[in-house]
Amino acid sequence: MSEVAGKRIGVREVAAAAGVSTQTVSRVLNGYAGIRESTRERVLAAVTDLDYRVNNAARALGTSLTRTVGVVASDAVLHGPSAGIAALERAARTRGRWISTAYTDSDDPADIDAAVRHLLDQGVDGIVLVAAHGAAPLEGYDVPIVPLYGESGIRQRDAAALVVDHLADLGHRSIVELAGPSDWREALARTAGVADAVTRRGLDLVDRVEGDWSAASGSAVADAVAARIAAGATAVAVANDQMALGLIAGLAVRGVEVPADASVTGFDDNPDAAFYTPALTTVRLDVEGEAEYAVAAVLGDAADVPAAPVLVVRESTAAPA
């Protein structure tokens, strides 16, 4: 229990402040369904106001639950993973949970396993993997483990297909793909979406080059992409906005203008994408919905399916000259 002005705060004090029974407080703190949202909000407000802290160790002994969701994250400096972690925290809190995050910058299965076991030692109720590499383990543990973008990356594939369809609708027939690192589940899903749409629309994928999600890696492949554009490619589908930023800058140095000489698309719709030069056409995922879905999955709860991806058309795409 917490202490305020020398007084120990417990469930009774929370119940009195919220105007409910101690049983209702217990039900809210343990995430039971069937409680009015207004009642839940009053209880959680009282918990915050009184600085009431649940003893997770005692709760775990009695219920085998700690009300904590574990998150294993890598490459959290990138926009996608950092936005995912923030969304998971919000999703967990709406269910009366907190998150505990273990960071790993490695695609080594042993390193990821160590992060998972660190969280298991804390008694987390389940684990969500953010920026999951292909080597990340998902089975063989005592709690559910799911990637943030589950279901085999269905919506990632759909989003990548959206930008290719947009290019095809503009009249582009020959495109280059700048993919993410091939050991990432998300990169593989996005590449699959590009391939599906290219085949369906009868386009020519003249090259696939790979970056590491950074703007620097986008700039680094500008020579190769510029050569393809000189040979007739008219568009580039890029697997994230940061690589697109680097690529556009690298092409400009080489005298290739976007979109006059080639259209470029991104992925993620990060907060800066509208302010690139030119403003970037990209695709937006329902990150909040994905986080809610992942948290529900590890807790064995039901959740609405995330919204479909949305194409955001800006100035970096145009009909081929």
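Now for a description of the structure that goes with this document. (Residues numbered from 1 in each chain as written. Predicted model: local features only at pLDDT ≥ 70, side-chain atom pairs only at ≥ 80, totals over all residues. Heavy atoms only, no water.)

Let's talk about the overall build of the protein chain
- Secondary structure summary: the protein chain contains 12 helices and 12 strands in total.
- Residues counted as buried form 48% of the 321 residues belonging to the protein chain.
- The contacts in the protein chain between residues at least 6 apart in sequence include a share of 73% that link residues at least 24 apart.
- Carbon and sulfur atoms make up 51% of the accessible area of the protein chain, which totals about 14600 Å². (Helix = DSSP H or I, 4+ residues; strand = E, 2+ residues; numbered from the N terminus. Buried < 20%, exposed > 50% of the residue type's maximum accessible area, 1.4 Å probe, protein only. Contact = heavy atoms within 4.5 Å. Areas by Shrake-Rupley, 256 points an atom, 1.4 Å probe, with all protein chains shown as cover.)

Thoughts on the sheet that holds strand β10 (residues 263-265)
- One open sheet holds the 4 strands; their spatial order is β8-β7-β9-β10, and the pairing between them is parallel. For this open sheet the edge positions go to β8 (204-210) and β10, each flanked by a neighbour on one side alone. Between one strand axis and the next, the sheet turns through 20° on average, direction left out of account.
- Here strand β9 (residues 235-238) pairs with β10 via 3 bridges, running parallel. The residue of β10 that forms the bridge with Val236 is Val264.
- Its contacts with the sheet put helix α10 (residues 222-230) on β7 (174-179), β8 and β9, and the angle it makes with β8 is roughly 170°. (Pairing = 2+ DSSP bridges. Axes fitted to C-alpha atoms, helices over the stretch in contact; angles between N-to-C directions.)

Details of the side chain of Ser217
- Here Ser217 lies in helix α9 (residues 215-220).
- Taking the relative accessible area as the measure of exposure, Ser217 reaches 11% and is therefore buried.

Looking at the nonpolar core
- Counting residues in hydrophobic clusters, the biggest one holds 62 residues, and the most contacted among them are Leu88, Val225, Leu247, Leu251 and Val264.
- If one sorts the elements of this core by residue count, helix α7 (residues 154-170) sits on top with 7 residues.
- Core analysis: the next-biggest nonpolar cluster, separate from the first, contains 13 residues, Val25, Leu29, Ile35 and Val43 among them. (Core = buried A, V, L, I, M, F, W, Y, C linked by side-chain atoms within 4.5 Å.)

Focus on the packing of α7 against helix α8 (residues 185-201)
- Contact pair α7 / α8: the axes reach a minimum separation of 7 Å and the direction vectors enclose 40°. By the angle between their directions, the pair α7 and α8 is classed as oblique. Both α7 and α8 take part in a crossing whose hand is right-handed. Residue-level contacts link Gln156, Arg157, Ala160, Ala161, Val164, Asp165, Ala168 and Asp169 of α7 to Glu186, Ala189, Arg190, Ala192, Gly193, Val194, Asp196, Ala197, Val198, Arg200 and Arg201 of α8.
- Here the contact of α7 with α8 is composed, by residue class, of 9 nonpolar, 2 polar and 8 charged. (Parallel < 35°, antiparallel > 145°, perpendicular 65-115°, else oblique. Left-handed = near helix turned anticlockwise from the far one by under 90°. Nonpolar A, V, L, I, M, F, W, Y, C, P; charged D, E, K, R; others polar.)

Quick look at helix α2 (residues 22-29)
- Buried within α2 we find Val25, Val28 and Leu29. The buried residues of α2 occupy an angular sector of 95° when projected down its axis, which confines them to one face. (Arc of directions from axis to C-beta.)

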